[in-house]
Amino acid sequence: PPPLSEMKEKNPWHTPATIIITVIFVIAIVALVTVAVLQNKPLPPKYKYGIVLDAGSSHTALYIYEWPAEKDNNTGRVEQTHSCKVKGPGISSYASSPLKAGESLKVCLQEAEQWVPNKRHQETPLYLGATAGMRLLNMENSLASDQVFQAVAATLQKSPFSFQGARILSGQEEGAYGWVTVNYLDDRLTQVCGLETTGALDLGGASTQISFVSSSYDGSESPSNSVSFRLYGNNYNLYTHSFLCYGKDQVLRLALAHLSQSGQSTVEDPCFHPNFTESKNYSVLYDSPCVSDRKPHGAPVAFTHKGTGNFSLCQQVLKNVFNFSHCPYSQCSFNGVFQPDLQGTFGAFSAYYFVMNFLNLTDTAIPLETVKEKLATYCSTPWPQITQQHKDVKLKYLAEYCFSGTYILTLLTEGYNFNSDSYSNIRFIKKIKGSDAGWTLGYMLNLTNMIPAEAPDTPPLPYAGYVSIVTIIALVLVIIFALCLYRFWPRCPKQPQII
Ligand SMILES: O=P(O)(O)OP(=O)(O)OP(=O)(O)OC[C@H]1O[C@@H](n2cnc3c(O)ncnc32)[C@H](O)[C@@H]1O
Ligand SMILES: [Ca+2]
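Keep in mind the model is a prediction, meaning the values are calculated, not measured.

**Thoughts on the nonpolar core**
By size, the foremost hydrophobic cluster in this structure holds 70 residues, and its most contacted members are Leu201, Tyr246, Tyr352, Leu412 and Tyr416. Broken down by element, this core gets its largest block of residues, ten residues, from helix 14 (residues 395-415). Those residues in contact with Leu412 that lie beyond four places of it in its chain are Leu201, Tyr352, Asn417, Phe418, Tyr423, Ile426 and Phe428.

Shown next, in the form of structure tokens:
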């Protein structure tokens, strides 16, 4: 056998070719691992933004939404980052001074400029949707409603955002977009068939919406209540209806109109607390298309609105604002409007939430009978005691919670036919995962084409998974190579010699 020193010299490890190949191999592996690791590092997030103004009958609110720029089509990715409540009343209240409607939006628009990064301003779409207040103004005085829109559009045009238009939403759109919002935030739209959707109940100041999917409804009966969608590869046949004049402010007018039919100077109202009194003007009460045709002749200028605090009498009065006398369909809710069988759970938001939250009645596990008893006790509490107990609450809201709570229960049970069982399927909600429940998010998702009809194709592996696997395989190769070099090396070159 050759001497040891000779063997060492023959070791092919020390030939320049092997050294170069090994160095290249190691560099290649290190480069591969580095690239994979760097690629996997989270990039600084890039966001896109969208702004929607909800011009409701009682007030206007601005909502800012944000989503990762790369993930337009992924569900549940759009989040509300900020909301701003416009000071003052809804834009429909500016009928006689339209320019002020535009002015009123400026503070919130300036706030939005702070919340959206400057370089995104130009590409951020800005929408304004008006609901029942403007529907009523448009019916009453379309010139005035056009002037209000001109004024708000002029203001929105001047903002740095990409203004996409201001318009009145139909009641159907308002109901359907509210349903989309709730189900999008709840991640119920991307489920591969099966999972039930949630119905949506919205109670505004001038109108109220009910929207749900019922297996008994295919849209053939009363097609005007049907909205069909294809979202993420699933078909939906949504039932939706908006009752104009059945928001809580207009129903308050309807109820008072009912109680003051004889044009008396004192109107006793069971929906307000005992010892509550307030002077009101007949002309102000009847200044709405919801009640204007009922104004009693020869009524005095003003009347005293006097509370008597009687829950069951209040329920009777409120039942009377619904018309159950005719139903041209197989079944109806009220006022001759078709409604299929209720099905599934319901999210109830806006005034449903404000009122039930104030009354500590958002827990629908409380039996309906107990809810009514608690409300009856609340309604019979004298007004001075109520004001003592809630010094921090706006008096206008405080005075109306007995009325509003009773209206909500009457609307749900007498109007929509919820019973003591199905009542527990309702969830009184304000927000879902940080975003307000309401029609605005659904409206923006639709206008920015953010919900595809078909489910997006997903790669077999998520990106991070792919990078991890590449990294692991590269590391395994390095280890095998290293083991071969340092442990088995002496035997490796011998083999060719044996052969
Ligand atoms: O949908 P429309 O009918 O156009 O009306 P809106 O959008 O302005 O209606 P909201 O949901 O904002 O409010 C509904 C009602 O709830 C009232 N409201 C708002 N905040 C409230 C609170 O904290 N407590 C009691 N009521 C409240 C408000 O004055 C309205 O009468
Ligand atoms: Ca509303």
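**Quick notes on a nonpolar patch on the surface**
Taken together, the side chains of Phe25, Val26, Val30, Ile469, Ile473 and Leu477 make up a nonpolar region of the molecular surface, amounting to roughly 480 Å² of accessible area. Mapped onto the nonpolar patch, the elements with two or more residues apiece are helix 2 (16-40) and helix 16 (463-486). For Ile469, the location among the structural elements is in helix 16.

**Brief notes about the sheet that holds strand 2 (residues 60-68)**
Spatially, five strands are ordered 3-2-1-4-5 in an open sheet, and the strand pairing comes out mixed. In this open sheet, the two strands that pair with only one neighbour each are strand 3 (79-85) and strand 5 (162-168). Neighbour-to-neighbour, the strand axes of the sheet open up by a mean angle of 15 degrees, direction not taken into account. Pairing of strand 1 (residues 47-55) with strand 4 (residues 125-130) involves five bridges; the strand directions are parallel. Across the sheet, residue Asp54 finds its bridge partner in strand 4, namely Gly129. Here helix 15 (residues 439-447) sits on the sheet in contact with strand 1, strand 2, strand 4 and strand 5, set at roughly 130 degrees to strand 1.

**What to know about the UniProt feature "active site" (unreviewed entry) in the chain**
The UniProt record marks Glu174 with the feature "active site" (unreviewed entry), using the residue numbering of this structure. Within the secondary structure layout, Glu174 lies in helix 7 (residues 171-185). Classification of Glu174 by relative accessible area gives buried; the value is 6%. In this structure, Glu174 is in contact with Thr131, Arg135, Leu169, Asp202, Ser207, Gln209, Ser242 and Trp439, ignoring residues within four places of it in sequence.

**Structural notes on the environment of Ile451**
The topology assignment puts Ile451 in the loop between helix 15 and helix 16. With relative accessibility at 16%, the residue Ile451 sits in the buried group. For the pair formed by Ile451 and Tyr416, sequence separation is 35 residues and the distance between their alpha carbons is 30 Å. Leave out the neighbours within four places in its chain, and Ile451 touches Val180, Tyr184, Leu189, Leu231, Tyr232 and Leu445.

**What about the packing of helix 10 (residues 311-319) against helix 14?**
The contact between helix 10 and helix 14 brings their axes to 9 Å, and the two run at 55 degrees. The angle between helix 10 and helix 14 falls in the class oblique. Between helix 10 and helix 14 lies a crossing whose hand is right-handed. Along its contact with helix 10, which presents Phe311, Cys314, Gln315, Leu318 and Lys319, the element helix 14 presents Phe403, Thr406, Tyr407, Thr410 and Glu414.

**Thoughts on the pairing of strand 1**
With seven of its nine residues buried, strand 1 lies for the most part within the structure. For strand 1 and strand 2, the ladder comprises nine bridges, and the chain directions are antiparallel. When the bridges of strand 2 are listed, Ile51 appears paired with Ile64. Hairpin remark: strand 1 followed by strand 2, antiparallel, with four residues in the connecting loop.

**Let's talk about the state of the cysteines**
In this structure the tally under the stated criterion is five disulfides. Cys245 shares a disulfide with Cys290; S-S distance 2.0 Å. In this structure, the disulfide formed by Cys245 and Cys290 twists by about -80 degrees around the S-S bond and is classed as left-handed. Placement of Cys245 in the loop between strand 9 (234-244) and helix 8 (248-259) and of Cys290 in the loop between helix 9 (282-285) and strand 12 (302-307) is noted, with a sequence separation of 45 residues between them. No difference in accessibility class separates Cys245 from Cys290, as the two residues are buried. Across the disulfide, Cys327 is cross-linked to Cys332 (sulfur-sulfur distance 2.0 Å). Its S-S torsion of about 85 degrees marks the bond between Cys327 and Cys332 as right-handed, since a negative value means left-handed. If the cysteines joined by disulfides in the chain are listed in sequence order, their pairing comes out as 1-2, 3-5, 4-6, 7-8, 9-10.

Conventions adopted
- Residues numbered from 1 in each chain as written.
- Chains lettered and ligands numbered in written order.
- Predicted model: local features only at pLDDT ≥ 70, side-chain atom pairs only at ≥ 80, totals over all residues.
- Heavy atoms only, no water.
- Core = buried A, V, L, I, M, F, W, Y, C linked by side-chain atoms within 4.5 Å.
- Buried < 20%, exposed > 50% of the residue type's maximum accessible area, 1.4 Å probe, protein only.
- Helix = DSSP H or I, 4+ residues; strand = E, 2+ residues; numbered from the N terminus.
- Contact = heavy atoms within 4.5 Å.
- Patch = residues over 30% accessible without salt bridge, like charges linked within 9 Å, V, L, I, M, F, W, Y side chains within 5 Å.
- Areas by Shrake-Rupley, 256 points an atom, 1.4 Å probe, with all protein chains shown as cover.
- Salt bridge = Lys/Arg side-chain N within 4 Å of Asp/Glu carboxyl O.
- Pairing = 2+ DSSP bridges.
- Axes fitted to C-alpha atoms, helices over the stretch in contact; angles between N-to-C directions.
- UniProt positions renumbered as here; feature names shortened; annotations may be inferred.
- Parallel < 35°, antiparallel > 145°, perpendicular 65-115°, else oblique.
- Left-handed = near helix turned anticlockwise from the far one by under 90°.
- Disulfide = S-S within 2.5 Å.

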